[in-house]
Amino acid sequence: QIYATPADYCTMGCRFVEDLFDRLERIEEGAYGVVYRARCVESGKYVALKRLKLEREREGFPTTSLREISSLANLKHENVISLHEVVVSRDNLLEVYLVMEYAEYDLKEMLDDGKFRATLCSVPVVKRIVFDLLTAIAYMHEKWYVHRDLKLTNLLLCLADKKIKVADFGLTRKIGDPQTGRLTESVVTLWYRAPELLLGSTKYGPAIDVWSVGCVMGELITGKPLFPGRGEIDQLDQIIQILGMPTVKIWPGLKDLPHFGKLRSGDGVVNEYNMLDRLLNSYTSPLGLDLVDRLLTYDPEKRITAREALKHAYFTEQPGPVDSLECLFR
């Protein structure tokens, strides 16, 4: 159950963190919370405790925390991190914790670790990760949730079941059809941000997650980020250097975007030049290249959906996806 204020959790019988868990080391700290590894007193199993940052809140939860709790409470999938319950501190009602499934690794740290890198970037493992990620995203989109911050550090690996888990739902939004109201374009970590966001769109949808999946897939295939921009203008330039200049011919709604003028050659001149094949053809098959190209389609209306991507022939050609990511630990 989700209540309006921290105090409501006690009056409605919320349990206390001190009674339930032995808090161990801090794992990470973000803008909206601090995550700890903890051991359940009763079962001995490890969990992740995310302490929400509420010190500056006069009443109620921050919007990001409410979205995260609501999203996780409504999304139950084997490739989405699980929320077990919400607990508070006996001594300080402003200490509210999300008790979540514990995952030992994120894909960014595994990619940076020479022990995992070669296996992680192998074709069968990339296929398994991308397929499972698309499965989770298709499930979320069919429930009208858009994650809005997919990247390697938000893709976790649990040793308990050797599965990829989508995590960090602080920016997740549930959107309607048709969409009403404006959304902020200041979402998604820069390197994984779709071009419609970079060009100022406030009316967007699930396609922004699909673009991020394309960036994740390219990064796993090559072992390095596809578009490591140093700012929004540079991010656009890096995308254009690889995919060519977007034009109204391939993206009819391009001129309607608020920041269309940021394009250095934003006059609609056709430029079909695309270097994606040169970048990826030594790492993947033509089918793999085709899938990345469809995930990274400029026009969000023409971009492949997560459900459509799951049916792509890339996943059925040999070698196929590994059955389990246990191979990373052999």
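The rules behind the values
Residues numbered from 1 in each chain as written. Predicted model: local features only at pLDDT ≥ 70, side-chain atom pairs only at ≥ 80, totals over all residues. Heavy atoms only, no water. Pairing = 2+ DSSP bridges. Helix = DSSP H or I, 4+ residues; strand = E, 2+ residues; numbered from the N terminus. Core = buried A, V, L, I, M, F, W, Y, C linked by side-chain atoms within 4.5 Å. Buried < 20%, exposed > 50% of the residue type's maximum accessible area, 1.4 Å probe, protein only. Axes fitted to C-alpha atoms, helices over the stretch in contact; angles between N-to-C directions. Contact = heavy atoms within 4.5 Å. Expected span 1.5 Å × (residues − 1).

Would you mind showing me how to read the pairing of strand β9 (residues 163–166) here?
Successive side chains on a regular strand alternate, one facing one side of the sheet and the next facing the other. Looking at chain direction, strand β8 (residues 155–158) and β9 are connected through four bridges and run antiparallel. Residue pairing in the sheet places Leu-157 in a bridge with Ile-164 of β9.

Quick question: what am I supposed to make of the nonpolar core here?
Most often, soluble globular proteins keep nonpolar side chains buried together rather than apart. With 93 residues, the main nonpolar core has Leu-120, Leu-134, Phe-227, Leu-243 and Leu-295 as its most contacted residues. Counting residues per element, this core draws most heavily on helix α6 (residues 123–142), which supplies 11 residues. Counting 12 residues, the second largest nonpolar core, distinct from the first, contains Ala-38, Cys-40, Val-47 and Tyr-97.

Looking at this structure, I do not really get the sheet that holds strand β1 (residues 21–29). What am I missing?
Hydrogen bonds along the backbone pair up the strands of a sheet, which may run parallel or antiparallel. Within the open sheet, the five strands sit side by side as β1-β2-β3-β5-β4. Their pairing is antiparallel. On the outer flanks of this sheet lie β1 and β4 (83–88), each paired with one strand and no other. Neighbour-to-neighbour, the strand axes of this sheet turn through a mean angle of 30 degrees, independent of strand direction. Relative to strand β3 (residues 46–52), strand β2 (residues 33–40) runs antiparallel, the two being bridged by seven bridges. Paired with Gly-33 across the strands is Leu-52, a residue of β3.

Teacher, can you tell me more about the environment of Arg-90 here?
Its place among the elements puts Arg-90 in the loop between β4 and β5 (96–101). Under the relative-accessibility criterion, Arg-90 is labelled partly exposed at 43%. Setting aside its immediate chain neighbours within four residues, Arg-90 contacts Phe-16, Glu-18 and Asp-19.

What am I meant to see in helix α9 (residues 232–243) here?
Residues that lie three or four places apart on an α-helix share one face, since the helix turns once every 3.6 residues. The terminal C-alpha atoms of α9, which comprises 12 residues, lie 16 Å apart, in line with the 16 Å expected from a rise of 1.5 Å per residue. Summarising burial for α9: nine of the 12 residues are buried, a large majority. Those residues of α9 not exposed but buried are Asp-234, Gln-235, Leu-236, Asp-237, Gln-238, Ile-239, Ile-240, Ile-242 and Leu-243. Residues of α9 that are buried make contact with α7 (195–198), α8 (207–222) and α10 (276–280). Directly beyond the C-terminal end of α9, a positive phi value near 90 degrees is found at Gly-244.

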